[in-house]
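# Structural characterization, general
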Amino acid sequence: MYMSPFTFLMCVICIASLGYGANVMAFEPTSTSPSKLPPWSQVEDTDPDPDPGETTQAVFTLNYPRIQIPFEITLWVLLASFAKIGFHVYHKITVWVPESCLLISIGLIVGGIMHSLHEKPPAVLTSNVFFLYMLPPIVLDSGYFMPTRPFFENFGTVLWFAVVGTLWNSIGIGISLFAICQIEVFGVKDITLQENFLFASIISAVEPVAVLTVFEDISVHEQLYIVVFGECLFNDAVTVVLYNLFNHVAALEVVEAGDVFLDIGRFFVVGLGGTIFGALFGFVTAFTTRFTGKVREIEPLIIFLYSYLAYLIAELLDISSIMAIVICALTMKYYVEENVSQRSCTTIRHVIKMVGSVSETLIFFFLGVVTITTEHEWNWGYILFALLFALLWRGLGILVLTQIINPFRTIPFNFKDQFGLAYGGLRGAVSFALAFTLPDSIGRKNLFITGTIVVIIFTVFIQGITIRPLLKLMNVRKTNRNQETINDEIHKRLMEHTVAGIEDLCGQWSHYYWKDKFMKFNNRILRKILIHDNHPESSIVALYKKLELQNAMEVLDQMSGDISAAPSLISLQYVSSTSRPVLLFSEVFETV
Amino acid sequence: MGSTSSTLLKIPNVEVLMQETGFSPAHIIRLHDRFKALDKEGRGHLCPQDFGAIKELAMNPIGDRIIGAFFSPGKETVDFHTFVKILAHFRPVDKDRPKEPNSPEPINSRSNKLKFAFQLYDQDKDGKISRDELLKVLRSMLGMQVTEEQLESIADRTIQEADLDRDEAISFEEFRKSLEKVNIDHKMSIRFLR
């Protein structure tokens, strides 16, 4: 049943109005921004126990305050989900306009409605809610679905762009903005250098979701994909660290050199600490799943609890929680997927995607709503220059950094790749949340929020919509990996062994050597400890089984769905010898 | 170690070598030092035992094939020129080289890299990878992990995927075709040999 997008939009708006027509003052503002109370206050409690004098039993009662909080949360999430469903009803939209744009637009509309009804959005976006509840699912999602092999092959590049790139951006933008501040005309002379750096670090955080969907759609080559993905993931961690650093520094009256060195040292402690911590938790999770053979139902729960625990304890120790949860997911994925049942595996993946997706959706949605309903402080000069510098420094940064790192790569980045990298630097959720949760002590907080929102909206809308046609036009290198064949896998393995051997011959080590060493260590020690039923399986054999399974499914599918009409797989075994060898029926099921 | 130019002069025909392989003088010197380190008895050429002494290479599943690739059929020793020429296969491809119409194909071209990989399979050098040769390679790479039946199934499937002229063996052209989507330059290159 086809629903025109316009009708759908009307429905969404009606639901939204309904939800807000009812009653709004959702939470006591625990956040830093003071909010005005709506014109009317809470609905009077309907008295559950009637006065002793009353004799009439109320047949129909309405007890809103009791369910208020869960109800409103559910409504918001439902609204965001409807929005998501709606986009895909009309297929063409999602091809041209990234989902984040659409979500922000819906948010803007809802915000507009709320503004006209003079209501405040629920003051949910406090620092705690964001960092403790909304960010972990997003980061877990990215970490768990990161393709490990290409990631480790490009590890150096990823780290280079993430750490050095973000530093370059923050410092560059910070200094340029400070220079602008000095110019009397714009009237922002009161913003200190520290505050400028703080703002700069907020708007340097890039966000991958929109870009990655585009990259996938046009099958851009893996190197570009993985670098963008990895960069976004790690620069979240770097940005948060920088943010805390500059926040701390902004509060100080005088910054001494000693402080700066301490902060730099702290940066390393935080980053490395997070990594080690995450790895530790990853191994513990893997070890636990070794024993869950009899209690399959709680396997997904264990994964989530441990990941979340890693995040929380890292927060406790004030080390990078994002790094912790990402590394935890990366480490445990390999072992866990061997230990848990197929169902648990599917459940885990599905739930992670679902929760991550909801979280992301909500944040963009809020972005739209908040854009309309906050008090903005607008300053043409500062904000426009901020936007300009954000774009400029990113472009410059990518150019310079690529020049430096290209000699170290086997596949250097050409100019088209660099353009894709630079143009694909969209800002998003993390920047927004960081801006929103700035402490009130920052005098120009509203200006910063406005500036951040402008940068986000510009990049998401303008760059997000145009990146796809541009990349297509420029004919960026496409991926080679289209269909897996057993030939590919075997020959690639042979080549890897060959190159490893030649490296040994030349007496110099490269990443194949380390990979080899790690695989040996893995097979000999780690797998024995962490995996329940240790059948080390070569990836060649695994791929073979997978391909055979696919073929078996195809044969069954060919019978147009009527499985009883398909020749039994066992009978296929006796077909002439030149046909493809088929696994025994039982063997097929064993792999599942 | 002596100065660059004096070390270079000691190597016979070094100009020709650099021309053919595309290695820079610094690389030639480094490889020469490595050659001398491997040639423990100072004979000026290497024999299979010298290669075998490299511990990690001995543990490599296809180590013996790699060593075999250095020795052309009939020869028992490897001199420095052959050593460098074989290693030249693993130089990353120079993208910016102008294509002179008459010059021979560089050693590190995609095609030559593929030929090198092919010969690791094709030990009897008949230009085809037979089922047995494939089985032998699979056995050395997969070793203890799989049963003989599984190995045979995998080998059968591999040949079936690649074999276009149905002669139950993989010729070089079929080999090349099956790998057309793979970035050979990336997989068969060693960064520090650039």
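Residues numbered from 1 in each chain as written. Chains lettered and ligands numbered in written order. Predicted model: local features only at pLDDT ≥ 70, side-chain atom pairs only at ≥ 80, totals over all residues. Heavy atoms only, no water.

## Let's talk about the overall build of chain B
- Across its full length, chain B carries twelve helices and two strands.
- Starting at the N terminus, the α and β elements of chain B follow one another as α-α-α-α-α-α-α-α-β-α-α-β-α-α.
- Along the three orthogonal principal directions, the C-alpha set of chain B runs to about 60 × 45 × 30 Å.
- By residue count, 46% of the 194 residues in chain B fall in the buried class.
- Across chain B, every contact between residues at least 6 apart in sequence was considered, and the portion connecting residues at least 24 apart equals 56%.
- Just so you have it, chain B exposes about 10200 Å², and 53% of that area is on carbon and sulfur atoms.
- Averaging the locations of the 30 positively and 32 negatively charged side chains of chain B gives two centres separated by 7 Å. (Helix = DSSP H or I, 4+ residues; strand = E, 2+ residues; numbered from the N terminus. Buried < 20%, exposed > 50% of the residue type's maximum accessible area, 1.4 Å probe, protein only. Contact = heavy atoms within 4.5 Å. Areas by Shrake-Rupley, 256 points an atom, 1.4 Å probe, with all protein chains shown as cover. Lys, Arg positive; Asp, Glu negative; His and termini not counted. Charge placed at Lys NZ, Arg CZ, Asp CG, Glu CD.)

## So, the packing of helix α9 (residues 131–142) of chain B against helix α10 (residues 148–162) of chain B
All names here are of chain B.
- Interaxial distance between α9 and α10 falls to 10 Å at its minimum, and their mutual angle equals 125 degrees. Regarding the angle of α9 to α10, the classification is oblique. The element α9 and its partner α10 pack so that their crossing is right-handed. For the pair formed by α9 and α10, the contact residues are Arg131, Leu134, Leu135, Leu138, Arg139 and Leu142 on the first element and Glu148, Leu151, Glu152, Ile154, Ala155, Asp156, Thr158 and Ile159 on the second. (Axes fitted to C-alpha atoms, helices over the stretch in contact; angles between N-to-C directions. Parallel < 35°, antiparallel > 145°, perpendicular 65-115°, else oblique. Left-handed = near helix turned anticlockwise from the far one by under 90°.)

## Remarks on a positive patch on the surface
- On the surface, A:Lys517, A:Arg524, A:Lys528 and B:Lys55 cluster together into a patch of positive charge.
- Per-element accounting of the positive patch gives the leading share, three residues, to helix α20 (residues 511–530) of chain A.
- Mapped onto the elements of the fold, A:Lys517 is located in helix α20.
- Assessed through its relative accessible area of 45%, A:Lys517 is described here as partly exposed. (Patch = residues over 30% accessible without salt bridge, like charges linked within 9 Å, V, L, I, M, F, W, Y side chains within 5 Å. Salt bridge = Lys/Arg side-chain N within 4 Å of Asp/Glu carboxyl O.)

## Structural notes on the UniProt feature "domain: EF-hand" (unreviewed entry) in chain B
All names here are of chain B.
- As recorded in UniProt, the sites labelled "domain: EF-hand" (unreviewed entry) are residues 109–144 and 150–185.
- Along residues 109–144 the backbone is 67% helical and 6% strand, and the end-to-end C-alpha distance reaches 35 Å.
- From the first C-alpha to the last, residues 150–185 spans 31 Å; its make-up is 61% helix and 6% strand. (UniProt positions renumbered as here; feature names shortened; annotations may be inferred.)

## Quick word on the nonpolar core
- In terms of nonpolar packing, the biggest core is built from 123 residues, with A:Val110, A:Leu135, A:Phe215, A:Tyr382, A:Leu421 and A:Phe432 touching the most fellow members.
- Broken down by element, this core gets its largest block of residues, 17 residues, from helix α10 (residues 222–251) of chain A.
- With residues up to four places along the chain from it excluded, the contact list for A:Tyr382 reads A:Leu177, A:Cys181, A:Val188, A:Ile191, A:Asn196, A:Phe199, A:Leu447 and A:Phe448.
- One finds A:Val499, A:Val541, B:Phe35 and B:Phe116 within the second-largest nonpolar core, a separate group that totals 72 residues. (Core = buried A, V, L, I, M, F, W, Y, C linked by side-chain atoms within 4.5 Å.)

## Things to note about helix α6 (residues 63–70) of chain B
- The buried fraction of α6(B) amounts to six of the eight residues, a majority that puts the element mostly inside the structure.
- If you check which residues of α6(B) are buried, you get B:Gly63, B:Arg65, B:Ile66, B:Ile67, B:Ala69 and B:Phe70.
- Where α6(B) is buried, its residues contact α19 (486–506) of chain A together with α4 (48–52), α5 (55–59), α7 (80–88), α8 (110–121) and α9 of chain B.

## Brief notes about the packing of helix α3 (residues 25–38) of chain B against α7(B)
Residue and element names in this part refer to chain B.
- Where α3 meets α7, the closest approach of the two axes is 11 Å, and the angle between their N-to-C directions is 120 degrees. For the element pair α3 / α7, the angle class is oblique. α3 and α7 meet at a crossing whose hand is right-handed. Across the interface between the two elements, Ile28, Leu31, His32, Phe35 and Leu38 of α3 pack against Phe80, Phe83, Val84 and Leu87 of α7.
- Within the contact of α3 with α7, the residues separate by chemical class into eight nonpolar, one polar and no charged. (Nonpolar A, V, L, I, M, F, W, Y, C, P; charged D, E, K, R; others polar.)

## Some remarks on the interface of chain B and chain A
- Tallying the contact residues gives 52 residues for chain B and 52 residues for chain A.
- Both faces considered, chain B and chain A share a buried interface measuring about 4700 Å² in area, 65% of it formed by carbon and sulfur atoms.
- Looking at the side of chain B facing chain A, the largest losses of area belong to B:Arg157, B:Lys187 and B:Arg191, adding up to 16% of the total buried there.
- Our count for the chain B to chain A interface comes out at two salt bridges.
- A:Glu548 is paired through a salt bridge with B:Arg157; the nearest N and O atoms lie 2.5 Å apart.
- Across the contact surface, chain B and chain A share ten residue pairs in polar contact (both at pLDDT 80 or more).
- Looking at the side of chain B that touches chain A element by element, the count peaks at nine residues for α10(B).
- Each residue belonging to the side of chain B that touches chain A can be placed in one class, and the counts come to 32 nonpolar, ten polar and ten charged. (Buried area = accessible area lost by both parts, 1.4 Å probe. Polar contact = N/O pair within 3.5 Å; in protein donor to acceptor, adjacent residues only side chain to side chain.)

## Some points on the packing of aromatic side chains
- Within this structure, the stated rule accounts for 26 aromatic pairs over all chains.
- On the numbers, 6.1 Å between centres and 85 degrees between planes, the contact of A:Tyr225 with A:Phe229 is edge-to-face. One end of the pair is A:Tyr225 and the other is A:Phe229, both in helix α10 and four residues apart, which spans about a single turn.
- Residue A:Tyr225 is classed as buried on the basis of its relative accessible area, which comes to 16%.
- On the numbers, 5.3 Å between centres and 90 degrees between planes, the contact of A:Phe287 with A:Phe291 is edge-to-face.
- An aromatic cluster is present here, built from B:Phe35, B:Phe51, B:Phe70, B:Phe71, B:Phe80 and B:Phe83 joined pairwise through their rings.
- If you follow A:Lys333 out to its NZ or CZ, it ends over the ring of A:Tyr144, 5.4 Å from the centre. (Phe/Tyr/Trp six-rings, centres within 6.5 Å; stacked < 30°, edge-to-face > 60°. Lys NZ or Arg CZ within 6 Å of the ring centre and 35° of its normal.)

## So, unusual backbone geometry
Residues and elements named next belong to chain B.
- Even without a glycine there, the phi angle at arginine 166 is positive, about 55 degrees.
- Along the chain, the position of arginine 166 falls in the loop between α10 and β2 (170–171).
- Even without glycine at this site, glutamate 168 takes up a positive phi of about 60 degrees.
- One can find glutamate 168 in the loop between α10 and β2.
- Given a relative accessible area of 54%, glutamate 168 falls into the exposed group.

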